[in-house]
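Descriptive analysis of the structure
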Amino acid sequence: MNVLMMLTPKSEVKYILDTATVRSAIQKLKIHGYTAIPVITKEGTYAGSVSEGDFLWYMVKHQGEDPKDLGGVKVKDLIRPAFIPAVTADVETEELILRAEEQNFIPVTDDRGTFIGIVTRRTVIDKLMTARREQNARGPHSV
């Protein structure tokens, strides 16, 4: 299974810049109905991803502070290093499936770390189901 055949390109993906404010990032999640979203740097490299929970825990940790202060906090300050790690375009099918079991989307980068898009869990499942249907149509003894 070629990851590039399943890729939703960066131009079609909603993402947040790491310099975005927490307030604007929360608004983007809300507008698009996402629970997590990729974060990239202004240079285009994948910085990580953030989730609703990251924002919630930040607010709990800073409880009592003026909510208006969220306008000055940057998304890069909330990124958890191991949360939704990226794969490169040469990822093995097995690894992609394992990631899809754990993540709704898998960020994909080139070999320099530049964010090129995502593969969604739905796309992985659809490709596996299509391959299975094709195999079944060919019969159990076809090669």
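A few points on the structure. This is a predicted model, so every value here is computed, not measured. (Residues numbered from 1 in each chain as written. Predicted model: local features only at pLDDT ≥ 70, side-chain atom pairs only at ≥ 80, totals over all residues. Heavy atoms only, no water.)

Describing the sheet that holds strand β1 (residues 8–9)
Spatial ordering of the open sheet is given by β1-β7-β6-β5, a layout of four strands whose pairing is mixed. Only two strands of the sheet have a single partner each, and these edge strands are β1 and β5 (87–88). Alignment of strand β6 (residues 105–109) against strand β7 (residues 115–120), held across five bridges, turns out to be antiparallel. Bridge assignment links V108 to a residue of β7, and that residue is G117. (Pairing = 2+ DSSP bridges. Helix = DSSP H or I, 4+ residues; strand = E, 2+ residues; numbered from the N terminus.)

Overview of a nonpolar patch on the surface
Together, L56, W57 and V60 give the surface a local cluster of nonpolar side chains, amounting to about 350 Å² of exposed area. Looking at where L56 falls in the secondary structure, it is placed in helix α3 (residues 52–61). (Patch = residues over 30% accessible without salt bridge, like charges linked within 9 Å, V, L, I, M, F, W, Y side chains within 5 Å. Areas by Shrake-Rupley, 256 points an atom, 1.4 Å probe, with all protein chains shown as cover. Salt bridge = Lys/Arg side-chain N within 4 Å of Asp/Glu carboxyl O.)

Re helix α2 (residues 22–32)
For α2, the complete set of buried residues consists of V22, A25 and L29. The buried residues of α2 occupy an angular sector of 65 degrees when projected down its axis, which confines them to one face. Exposed residues on α2 whose side chains face more than 90 degrees from its buried face are K30 and I31. In this fold, the buried residues of α2 make contact with β2 (16–17), β3 (36–40), β4 (46–51) and α3. Just beyond α2, the residue with positive phi is G33, at close to 70 degrees. (Buried < 20%, exposed > 50% of the residue type's maximum accessible area, 1.4 Å probe, protein only. Arc of directions from axis to C-beta. Contact = heavy atoms within 4.5 Å.)

Re the layout of surface pockets
There is about 310 Å³ of room inside the largest pocket. Forming the walls of the largest pocket are 18 residues, and the residues nearest its centre are T35, A36, I37, N104 and F105. Taken together, the elements giving at least two residues each to the lining of the largest pocket come down to β3 and β7. With three residues, β3 is the largest single contributor of residues to the lining of the largest pocket. Tallied by class, the residues present in the lining of the largest pocket amount to 10 nonpolar, five polar and three charged. (1 Å grid on protein atoms, 1.4 Å probe; cavity = no way out; pocket = protein on both sides within 12 Å on 5 of 7 lines; lining within 4 Å. Points joined across faces, edges and corners; volume = space filled by probe spheres on them. Nonpolar A, V, L, I, M, F, W, Y, C, P; charged D, E, K, R; others polar.)

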